[in-house]
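Descriptive structure summary
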Amino acid sequence: MSHPPDTPSFLAAVKRIEALTQEIRRDGLAAFEKAEAAYAEVQDLRAVLNARISELRRRSA
């Protein structure tokens, strides 16, 4: 299964979500705009991962 070059691999997406989560926890409300942008990126990455998981499930069904 290939994916467009501008989307991260599954592992890269998971690692990025982990890094963003740590940034949000570390910075807290002191950097609300940064945390808000990081959270939006996490949501986008999760949508990518969910789509890939759904595709894998369809293929294995």
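The preceding data block contains the structure.
Heads up: these notes are all about the structure in this document. (Residues numbered from 1 in each chain as written. Predicted model: local features only at pLDDT ≥ 70, side-chain atom pairs only at ≥ 80, totals over all residues. Heavy atoms only, no water.)

This part takes up the nonpolar core. Counting residues in hydrophobic clusters, the biggest one holds 7 residues: Ala13, Ile17, Leu20, Ala38, Val42, Leu45 and Leu49. Going through the elements one at a time, helix 1 (10-27) and helix 2 (32-60) are the ones with two or more residues in this core. Among the elements that make up this core, the one with the highest residue count is helix 2 (4 residues). In this structure, Val42 is in contact with Ile17 and Leu20, ignoring residues within four places of it in sequence. (Core = buried A, V, L, I, M, F, W, Y, C linked by side-chain atoms within 4.5 Å. Buried < 20%, exposed > 50% of the residue type's maximum accessible area, 1.4 Å probe, protein only. Helix = DSSP H or I, 4+ residues; strand = E, 2+ residues; numbered from the N terminus. Contact = heavy atoms within 4.5 Å.)

Moving on: the pattern of salt bridges. Under the definition given, this model contains 3 salt bridges. For the salt bridge of Glu41 with Arg16, the shortest nitrogen-to-oxygen distance reads 3.0 Å. Highlighted residues: Glu41 in helix 2 and Arg16 in helix 1, separated in sequence by 25 residues. Taking the relative accessible area as the measure of exposure, Glu41 reaches 31% and is therefore partly exposed. Linking Glu55 and Arg58 is a salt bridge whose minimum nitrogen-to-oxygen distance equals 2.9 Å. Taken as a pair, Glu55 and Arg58 lie in helix 2 at a separation of 3 residues, close to a single helical turn. Each of Glu55, Arg58 and Arg59 takes part in salt bridges that share partners, so that together they form one network. (Salt bridge = Lys/Arg side-chain N within 4 Å of Asp/Glu carboxyl O.)

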